[in-house]
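# Fold and contact review
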Amino acid sequence: MNTEYRYILEKGSKKHICPNCGKKRFVRFIDTTTGDYLPEQYGRCDRESKCGYLLNPYSDGYAKAVWEQEQGNRSELPNNWKPQRKKAIPQPTPEPVFFDFDTFKQTLQPERYEKNTFIQNLFYRVQFPFEADEVTKVIQLYRLGTVANGYRAGANTFPFIDIKGNVRAVQVKQFDEQNHTTGTDFLHSIIEKHHTRNNKPLPEWLEAYTKQDKRISCLFGEHLLSKYRSNPVALVEAPKTAVYCWLYFNKSKFPIYNNCIWLAVGAKGYLNFNVAKILKGRFVYVLPDLSKDGSTFKEWETKVKEYESRLPGTRFIMDDILERYGTPEQREQGADIADVLNFDWRTIRAEPEPPQPEPEKVTKVTKVTPQQNIIFSHVEPLPKVEVF
């Protein structure tokens, strides 16, 4: 029995625009006899859970029409065939599977920080070490943790926690003593490798977690949005950049940044509408990393302009400080703002407020002018945050 089909889905990684969802995830059918594509409606969308489009030439009469035309029984050309197209039934979006919270909490054990290269660098090894209480505060603010054992021992963990407090992903970064990245991983991947090497079954949560399409599905620091509802946002690529910028600018004399919530997308290509829509109604400064030809800046600028049109009340401001002052060497290296913050952070700290004089004793009624009676509203400062 001949089981070979004349019309098959194209093999390889090439993708086309899906006629149903508009995403470039469509695999077209080809005619193995001629090597040509079938009409563009024939194919399958890879987004099975979010689109589900499939049109098979054997299911709607196309294959039979071609055969009849080749036998001389039909004059209509195959490319003019107009089948009854089946409407794709949208599939419900599956609920995300979160990273196991108890496993995540283990990364926050206090004794681990002594082995955390990134944190110890901030305390002692960077050119201008930061104050202990500031580093402690940033650890608590972003829930930074440590990998204790294995091939990533001493690496820092950057958790992606959504606005409801769910851990979506835990990025693992290994650093040298200058706080340059030497390795990148994800905690779920490290745990999975450990179980595989030791012939152990995966935990139930991890088995479900690894089957979903995306793990990073929120912003790094997103959980802060629910606590600081009025503060402006500064959006960068890497979690490390967000941490450094908070340490430099949180108490700086630059009003543009000293009340910002610093958030990160995770990497250049991770900026998309699904993660950006949580910023609806916010004032957002956008600071992408440098690139050789400025392409990253242009790419992000195009994206956020489109997001702004879809998010009423939201304002994205592209900050071109790196584009204006980045050196050719920094462009070549794809430097971020953390890479150029190599000056003494104390030089940009705001002057402490002078002590207030003792209030005078009231001996008579004091007239209050209208100007003195104005109460100014302002965004919330970023105070210390309780650790889990």
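Everything here concerns the structure above.
Right, let's walk through the structure included here. (Residues numbered from 1 in each chain as written. Predicted model: local features only at pLDDT ≥ 70, side-chain atom pairs only at ≥ 80, totals over all residues. Heavy atoms only, no water.)

### With respect to a positive patch on the surface
Where we set the bar: Each patch is built from residues that are more than 30% exposed by relative accessible area and take part in no salt bridge. Like charges join if they lie within 9 Å; nonpolar side chains (Val, Leu, Ile, Met, Phe, Trp, Tyr) join within 5 Å. A 1.4 Å probe and the Shrake-Rupley method give the accessible areas. Residues count as covered only by the protein chains that appear here. In what follows, salt bridge is the name for a side-chain nitrogen of Lys or Arg lying within 4 Å of a carboxyl oxygen of Asp or Glu. His is not counted here, nor are the chain ends, while Lys and Arg score as positive and Asp and Glu score as negative. Where a charge lies is defined by one atom per residue type: Lys uses NZ, Arg uses CZ, Asp uses CG and Glu uses CD. By definition, any uninterrupted DSSP run of H or I lasting at least four residues is a helix, any uninterrupted run of E lasting at least two residues is a strand, and each is numbered from the N terminus. Burial classification: accessible surface area is computed with a 1.4 Å probe over protein chains only, and a residue below 20% of its type maximum counts as buried, one above 50% as exposed, and the rest as partly exposed.
There is a patch of like positive charges on the surface, built from Lys23, Arg25, Lys50, Lys214 and Lys277. Along the polypeptide, lysine 214 turns up in the loop between helix H6 (204-211) and strand S9 (233-236). Given the relative accessible area of 55%, lysine 214 is considered exposed.

### Section: H6
Threshold: Directions pointing from the helix axis toward each C-beta atom define the arc. Contacts are assigned to residue pairs with any non-hydrogen atoms lying within 4.5 Å of each other.
Trp205, Leu206 and Tyr209 are the residues of H6 that are buried. An end-on view of H6 places all buried positions within 95 degrees of arc, on one side of the element. Among the exposed residues of H6, those oriented more than 90 degrees off its buried face are Glu204 and Lys211. For H6, the elements touching its buried residues are helix H2 (101-106), strand S7 (167-175) and helix H5 (187-197).

### Comments concerning the pairing of strand S10 (residues 261-264)
This is how it is decided: Convention used here: a crossover is right-handed provided that the path from the first strand, over the helix, to the second strand proceeds clockwise when the strands point away from the viewer.
Across the two faces of S10 the burial is the same, with Ile261 and Leu263 and Trp262 and Ala264 all buried. Chirality of the crossover, the property in question, places the unit of S9, helix H7 (residues 239-249) and S10 among those that are right-handed.

### Considering the pattern of salt bridges
Summed over all chains, the structure comprises 14 salt bridges. A salt bridge links lysine 268 to glutamate 299; the shortest N-O distance between them is 3.7 Å. Of the two residues, lysine 268 is situated in the loop between S10 and helix H8 (273-276) and glutamate 299 in helix H9 (residues 295-310); the sequence distance between them amounts to 31 residues. Of the residues examined, lysine 268 reaches a relative accessible area of 34% and is grouped as partly exposed. Its relative accessible area of 29% is what places glutamate 299 among the partly exposed residues.

### A look at the packing of helix H3 (residues 117-125) against helix H4 (residues 132-142)
Put simply, the rule is: Throughout, an axis means a line fitted to C-alpha atoms (over the contacting stretch in the case of helices), and angles, computed between N-to-C directions, take values from 0 to 180 degrees. Put simply, angles under 35 degrees are roughly parallel, angles over 145 are roughly antiparallel, angles from 65 to 115 are roughly perpendicular, and the rest are oblique. Rotating anticlockwise by less than a right angle from the far helix to the near helix defines a left-handed crossing, while the corresponding clockwise rotation defines a right-handed one.
Relative to each other, H3 and H4 sit at 155 degrees, their axes nearing to 10 Å. One finds that H3 runs roughly antiparallel with respect to H4. Both H3 and H4 take part in a crossing whose hand is right-handed. Two secondary-structure elements touch here, H3 through Ile119, Leu122 and Phe123 and H4 through Ala132, Val135, Thr136 and Ile139.

Geometry only, nothing functional implied.
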